[in-house]
Amino acid sequence: MDQYDGEENYMPQEDDWDRDMLLDPAWEKQQRKTFTAWCNSHLRKAGTQIENIEEDFRDGLKLMLLLEVISGERLAKPERGKMRVHKISNVNKALDFIASKGVKLVSIGAEEIVDGNAKMTLGMIWTIILRFAIQDISVEETSAKEGLLLWCQRKTAPYKNVNIQNFHISWKDGLGFCALIHRHRPELIDYGKLRKDDPMTNLNTAFDVAEKYLDIPKMLDAEDIVGTARPDEKAIMTYVSSFYHAFSGAQKAETAANRICKVLAVNQENEQLMEDYEKLASDLLEWIRRTIPWLENRMPENTMQAMQQKLEDFRDYRRLHKPPKVQEKCQLEINFNTLQTKLRLSNRPAFMPSEGKMVSDINNAWGNLEGAEKGYEEWLLNEIRRLERLDHLAEKFRQKAAIHEAWTGGKEEMLQQRDYESSSLSEIKALLKKHEAFESDLTAHQDRVEQIAAIAQELNELDYYDSPSVNARCQRICDQWDSLGNLTQKRSEALQRTEKLLETIDQLYLEFAKRAAPFNNWMEGAMEDLQDTFIVHTIEEIQGLSMAHEQFKATLPEADKERQAILGIHNEIAKIVQTYHVNIAGSNPYTTINPQEVNAKWDKVRHLVPQRDQALIEEHARQQNNERLRRQFANQANVIGPWIQTKMEEIGRISIEMHGTLEDQLTHLRQYEKSIINYKPKIDQLEGDHQLIQEALIFDNKHTNYTMEHIRVGWEQLLTTIARTINEIENQILTRDAKGITQEQLNEFRASFNHFDRKRTGIMEAEDFKTCLISMGYNLGENEFSRIMSIVDPNRMGLVTFQAFIDFMSRETADTDTADQVMASFKVLAGDKNYILADELRRELPPDQAEYCIARMAPYSGPDAVPGALDYMSFSTALYGESDL
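Owing to the predicted nature of the structure, the values given are computational and were not obtained by experimental measurement.

Our focus in this paragraph is the overall build of the chain. A count of helices and strands for the chain gives 33 helices and nine strands. Out of the 885 residues in the chain, the part that is buried amounts to 46%.

Next up, the structure:
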């Protein structure tokens, strides 16, 4: 056989092949065995094989099949006849195909192959091996034989006793084969136990492992290599090229697996974000659902202590329970925006939360919560004022009722006495005068009874919890008062009837009784007023009480003169009795009031006056402290309120202005956020002042229009706004990096967006967005615009954010893994098959991601299906949907 060459890129022959065979027949044996195994490694893919290389290729059928398998192309239809001409035709078709691949066949004709010429047949097979197994090998700008040799040298360089310089004697000790296997699959060979002086063991180990685990057929026996001084170079090259293709194929499979892992990791991360959003949204909505009924509960308590406990519970809710939920709500919106951005960057459909869990649904529920919260606080304060008023009225009722009951004690029995029937004329007159004094006293007490009834009526109108006992006591007093009136009337009539029979009565007793009774009533009223509790809420009110008290004290000298006058009457009576020896039995017949009682009550009045002075002074000091608390709170609130408003306006300007790169804007915003967070101690200090005000039961503040609720809402909105703005910039960076957008393009997008953002809110309305698209050359119909709006506004809010705007404008530059790329990766793993096995996925992918793929693939049902076969095309439908295929 003469020399044969390819084109320029084809590997030239180093020696004359035919002469090699004549010089050493052992080489022919090695080539025959190696080439036969190499052909069978490909023919078995078509379900056949050869036994004798020069005999089995004579008809040209298996030769054409071999070329179809290794090239992946269809050859001309073979002749099925048994005649020599048919065989020559088939072999010529195979040789023509080889020549079409740029290979020049010199001195190889179809007749020699049909005649079973072993040398020609081996030469032809070697030509095929060079063209389809070795020529395309390329390593560091070297190809074919040199490229394969360089690849072997690179892979075996770290191994001792291995020095690959050629494709014959460098492989005799077997360590080169073992090093290639260990470099790529170290678990298959314990390289440390191999010895250079045991080539048979080394070669057998390498060949057996390659056949069992690497699907490389055994092309030579160890004896063929060890028993030859110089192994056949072509046989060794053929064998080594099988190792190259096996390991390079594994590397491609690993690359494909990595790509699939990347897509699966992104998909699994997005699914986890969706699950986290659903759970966080459910938990937040459930908390709102549980909290609103508590805030809407308007069942009042009966005692001030219970209502104050409710107020304390409400403070704990504001201070401890609500702030974490505000943070959760903000984080929920940030997670939702980040998820939508990642889905857009992965060309995945927008995430639609479960029904009732949209961001708008959560915002509506939050609005309902704050509405209930505001109404609950107003109700609490009104209830505390009502209970405070009720407690004051109830105490006042008890005091007046107790004084009245003490006064009426024994009066009915006295009025029912019939002592006038056996009394003398003077006694009758005395009884009559006494009764007149009693009637005067009774009239004076009429105001107290009316006051008691009025207080009871007011307690009923204000729903006092103990109204039944108050009503019962009031009814007893009124019934007794009516009875006293009737009894008084009857006794008066009886005394008047008797008066005609009786003479005069001592006028001095009568005068004493008439003057002592109102004076005594005045003292009782004074004592009652001096002991009366008072409730004020402003310093002006306490000043009014103090002024009234000073006016009362100014009347004491005149009252003391009246007292001395009354005591003078009594002294005059005593003088007359002593002078005229008047026989008087018992005390003054006209009144039960005596000088000792008048003096005792007067002393008590004088004692109560300084106590009242001290109480007013203490209350005045308390009101001054309350005024100080009001001013202290107002001074801070009047600074913090405008500060929050200014920061909100500044953030609004930052979000729509273009200054520097996105990273500069992000750094600026984070510094801005830090300065805002550093302002938190002032908010906390204001909270402390507000708590002091509430503990002091201060309900109004004329020095400021800001309430703590205004400050809290403004502060929460400020934190939410800066966090949302930072998140928008971060998402813009993600979009820019993923889509390859330049800073100039971003500036152009921002300029266009700002131009059509008529309200300067940082969000375009649908009509403004449509106008913007038309100005940029879009020919929009209603259906096309609706489709675009479904992309940029998946929540159907009728608004377009700047992030959604730049996502839409940069969709054409998307550079992400598509369904076609993922399917191409699966094709690499599947090889020549139309399906992929579950075990292959488990071997190439991490366990969790392999199971993720298997669960989303349908069983393969093609004609070449085997047990466990999966249709990997179905994975694209499950991951990307029908529209992307």
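Next comes the rest of the write-up.
A word on the nonpolar core. Generally speaking, a soluble globular protein has its nonpolar side chains buried in company with each other. Counting 78 residues, the largest nonpolar core has Ile-128, Phe-177, Ile-181 and Phe-243 as the members making the most contacts within it. Ranked by residues supplied to this core, first place goes to helix 7 (residues 118–134) with eleven residues. Not counting residues up to four positions away in its chain, the partners in contact with Ile-181 are Pro-186, Leu-188, Ile-189, Ala-206, Val-209, Ala-210, Leu-214, Phe-243 and Phe-247. Counting residues in each nonpolar core, the second largest holds 48 residues, with Ile-644, Ile-698, Ile-733 and Phe-805 among its members.

As a further point, take helix 28 (residues 782–792). Three or more residues of helix 28 are buried, namely Phe-785, Ile-788, Met-789 and Val-792. Seen end-on, helix 28 carries its buried residues on one side only, within an arc spanning 100°. Considering only its buried residues, helix 28 is in contact with helix 27 (766–775), strand 6 (799–801) and helix 29 (802–809).

As a further point, take helix 24 (residues 680–695). The terminal C-alpha atoms of helix 24, which comprises 16 residues, lie 22 Å apart, in line with the 22 Å expected from a rise of 1.5 Å per residue. Among the residues of helix 24, Ile-683, Leu-686, Asp-689, His-690, Ile-693 and Gln-694 are the ones counted as buried. Within helix 24, the buried residues cover an arc of 140° as seen down the axis, which keeps them to one side. Leu-697 sits one or two residues past helix 24 and shows a positive phi near 60°.

The strand order across the open sheet built from three strands is 7-9-8, with neighbouring strands paired in antiparallel fashion. The open sheet is flanked by strand 7 (836–837) and strand 8 (858–859), the only strands paired with a single partner. Examined bridge by bridge, strand 8 and strand 9 (residues 869–871) share two bridges and lie antiparallel to one another. By the bridge assignment for strand 9, Pro-859 is matched with Leu-870.

Moving on to the confidence of the model for the chain. Model confidence for the chain is summarised by a mean pLDDT of 80, while 89% of its residues fall at 70 or above. Per-element averaging of pLDDT across the chain places strand 1 (residues 5–6) at the bottom with 36 and helix 9 (residues 175–184) at the top with 91. Confidence drops under a pLDDT of 50 for residues 1–23, and excluding neighbours within four residues, the segment shows 60 contacts in the predicted structure. Counting interchain partners and residues more than four positions distant, the pLDDT-below-50 stretch residues 880–885 has 13 contacts.

Tallied over the full model, the rule gives 21 aromatic pairs. Measuring from ring centre to ring centre gives 5.4 Å for Tyr-277 and Phe-336, while their planes differ by 45°; the resulting arrangement is tilted. Here Phe-336 lies in helix 13 (residues 304–345) and Tyr-277 lies in helix 12 (residues 233–296), a separation of 59 residues in the sequence. When sorted by exposure, Tyr-277 lands in the same class as Phe-336, which is buried. Through a chain of ring-to-ring contacts, the aromatic side chains of Phe-167, Trp-171, Phe-177, Phe-207, Tyr-239, Phe-243 and Phe-247 assemble into a single cluster.

Right, let's talk about the side chain of Gln-340 for a bit. On the secondary structure map, Gln-340 appears in helix 13. For Gln-340, the residues in contact, after removing those within four places along its chain, are Ala-350, Phe-351 and Pro-794.

For any two helices packed against each other, the geometry comes down to the angle between their axes and how far apart the axes lie. Packing of helix 2 (residues 25–43) against helix 4 (residues 61–71) leaves a shortest axis separation of 9 Å and a crossing angle of 65°. Classified by the angle between their axes, helix 2 and helix 4 sit roughly perpendicular to one another. Handedness of the crossing formed by helix 2 with helix 4: left-handed. Residues Trp-38, Cys-39, His-42 and Leu-43 of helix 2 pack against Lys-62, Leu-65, Leu-66, Val-69 and Ile-70 of helix 4. Its residues placed into classes, the contact of helix 2 with helix 4 shows seven nonpolar, one polar and one charged.

For the rest of this paragraph, the subject is the pattern of salt bridges. In the structure shown here, the tally under the stated rule is 52 salt bridges. Two residues, Lys-702 and Glu-540, come together in a salt bridge whose shortest N-O distance is 3.9 Å. Here Glu-540 lies in helix 20 (residues 539–554) and Lys-702 lies in the loop between helix 24 and helix 25 (708–739), a separation of 162 residues in the sequence. A residue is classified by how much of its surface remains accessible, and Lys-702, at 66% relative accessible area, is exposed. Put simply, Glu-627, Arg-630, Arg-631 and Asp-700 are held in one network by salt bridges that share partners.

This part takes up unusual backbone geometry. Its identity is not glycine, yet Asp-215 carries a phi of approximately 60°, on the positive side. If you trace the backbone, Asp-215 turns up in the loop between helix 10 (199–213) and helix 11 (222–226). Not every positive phi belongs to a glycine, and Arg-796 is a case in point at roughly 60°. By the secondary structure assignment, Arg-796 is in the loop between helix 28 and strand 6.

Packing of helix 2 against helix 7 brings their axes to within 10 Å, and their N-to-C directions diverge by 50°. Comparing the axis directions of helix 2 and helix 7 gives the class oblique. Here helix 2 and helix 7 pass one another in a crossing that is left-handed. Facing helix 2, whose interface residues are Glu-28, Gln-31, Arg-32, Phe-35, Trp-38 and Cys-39, helix 7 presents Ala-118, Leu-122, Ile-125, Trp-126, Ile-128, Ile-129 and Ala-133. The residue inventory of the contact of helix 2 with helix 7, partitioned by class, reads ten nonpolar, one polar and two charged.

This part takes up a nonpolar patch on the surface. Residues Ile-763, Met-797 and Leu-799 make up a contiguous nonpolar surface patch of about 240 Å² in total accessible area. Assessed through its relative accessible area of 31%, Ile-763 is described here as partly exposed.

All right, on to the environment of Leu-148 then. Among the secondary structure elements, Leu-148 is positioned in helix 8 (residues 144–156). For the pair Leu-148 and Ser-241, spaced 93 residues apart in the sequence, the C-alpha separation amounts to 7.2 Å. With residues near it in sequence (within four places) discarded, Leu-148 still touches Ile-137, Phe-167, Met-237, Val-240, Ser-241 and Tyr-244.

Attention now goes to the state of the cysteines. Using the criterion set out here, one finds zero disulfides in the structure. The thiol of Cys-474 is not disulfide-bonded; the next cysteine sulfur, from Cys-478, is found 4.1 Å away. According to the relative accessible area criterion, Cys-474 is buried, its value standing at 10%.

When you line up the elements, Gly-116 lands in the loop between helix 6 (110–114) and helix 7. A relative accessible area of 18% places Gly-116 in the buried class. C-alpha of Gly-116 to C-alpha of Asn-52: the two residues are 64 residues apart in sequence and 10.0 Å apart in space.

Looking now at the side chain of Asp-532. Inspection of the secondary structure assignment puts Asp-532 in the loop between helix 19 (507–531) and helix 20. The buried charged residue Asp-532 lacks any salt bridge, with Lys-396 as its nearest oppositely charged partner at 4.4 Å. Sequence-distant contacts of Asp-532, that is, excluding residues within four places in its chain, are made with His-392, Lys-396, Gln-399 and Arg-612.

The rules behind these values
Residues numbered from 1 in each chain as written. Predicted model: local features only at pLDDT ≥ 70, side-chain atom pairs only at ≥ 80, totals over all residues. Heavy atoms only, no water. Helix = DSSP H or I, 4+ residues; strand = E, 2+ residues; numbered from the N terminus. Buried < 20%, exposed > 50% of the residue type's maximum accessible area, 1.4 Å probe, protein only. Core = buried A, V, L, I, M, F, W, Y, C linked by side-chain atoms within 4.5 Å. Contact = heavy atoms within 4.5 Å. Arc of directions from axis to C-beta. Expected span 1.5 Å × (residues − 1). Pairing = 2+ DSSP bridges. pLDDT = per-residue confidence, 0-100. Phe/Tyr/Trp six-rings, centres within 6.5 Å; stacked < 30°, edge-to-face > 60°. Axes fitted to C-alpha atoms, helices over the stretch in contact; angles between N-to-C directions. Parallel < 35°, antiparallel > 145°, perpendicular 65-115°, else oblique. Left-handed = near helix turned anticlockwise from the far one by under 90°. Nonpolar A, V, L, I, M, F, W, Y, C, P; charged D, E, K, R; others polar. Salt bridge = Lys/Arg side-chain N within 4 Å of Asp/Glu carboxyl O. Patch = residues over 30% accessible without salt bridge, like charges linked within 9 Å, V, L, I, M, F, W, Y side chains within 5 Å. Areas by Shrake-Rupley, 256 points an atom, 1.4 Å probe, with all protein chains shown as cover. Disulfide = S-S within 2.5 Å. Lys, Arg positive; Asp, Glu negative; His and termini not counted.

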